[in-house]
Amino acid sequence: MKKSTVAKWIIASVAVTAVAAFVAGVAFELRAIRKLTVDIDNDEEPQADDLLEEEVAPEVAEEVAEEVVEEA
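Draft legend 1. Structural view of the overall build of the protein. Helix and strand content of the protein: three helices and zero strands. The buried share of the protein, reckoned over its 72 residues, is 0%. As displayed, the protein offers around 7100 Å² of accessible surface, 63% of which is attributable to carbon and sulfur atoms.

Below you can see the structure in the form of structure tokens.
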């Protein structure tokens, strides 16, 4: 083989490797971004009613309700 042919093959193989690495990197980043957005979208924020039910015992809620009625 001639030196020019060998040089063309080396340049072509380096170019193909660079393109493959670039495509793999872009695919990896897109996958990571999709994972982040999916995780964020699936998280539901708790509603105020849910927080009250979890943090306040029913007896305390009844006492507060009785106090409000007595004041009115």
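What follows picks up the thread again.
Draft legend 2. Looking closely at a nonpolar patch on the surface. Residues V19, F22, V23, V26, L30 and I33 make up a contiguous nonpolar surface patch of about 580 Å² in total accessible area. Along the chain, V26 turns up in helix α1 (residues 3–42). For V26, a relative accessible area of 35% gives the class partly exposed.

Draft legend 3. Summary view of the confidence of the model for the protein. Residues with a pLDDT of 70 or more make up 62% of the protein, whose mean pLDDT is 78. Per-residue pLDDT, averaged within each element of the protein, yields its smallest value for helix α2 (residues 48–55) (58) and its largest for α1 (88).

Draft legend 4. A look at a negative patch on the surface. On the surface, E62, E63, E66 and E67 cluster together into a patch of negative charge. You can see E67 is positioned in helix α3 (residues 58–71). With relative accessibility at 45%, the residue E67 sits in the partly exposed group.

The rules behind each value
- All residue numbers refer to position in the chain's written sequence, counted from 1.
- Under the rules for a predicted model, residues below a pLDDT of 70 receive no local features and side-chain atom pairs below 80 are neither given nor counted, while totals for whole chains, interfaces and linings still include all residues.
- Just so you know, side-chain values use all the structure's heavy atoms and leave hydrogens and water out.
- The secondary structure listing takes helices from DSSP runs of H or I that are at least 4 residues long and strands from runs of E that are at least 2 residues long, numbered from the N terminus.
- With a 1.4 Å probe rolled over the protein chains alone, any residue whose accessible area is under 20% of its type maximum counts as buried; one over 50% counts as exposed, and the rest are partly exposed.
- Note on areas: Shrake-Rupley with a 1.4 Å probe; residue coverage comes only from the protein chains shown.
- Residues qualify for a patch when their relative accessible area is over 30% and they have no salt bridge, like charges being joined within 9 Å and the nonpolar side chains of Val, Leu, Ile, Met, Phe, Trp and Tyr within 5 Å.
- Here, a salt bridge means any Lys or Arg side-chain nitrogen found within 4 Å of an Asp or Glu carboxyl oxygen.
- The predictor attaches a confidence to each residue, called pLDDT, with possible values from 0 through 100.
- For the purpose of charge, His is not counted, nor are the chain termini; Lys and Arg are scored as positive and Asp and Glu as negative.
- Every charge is mapped to an atom, namely NZ of Lys, CZ of Arg, CG of Asp or CD of Glu.

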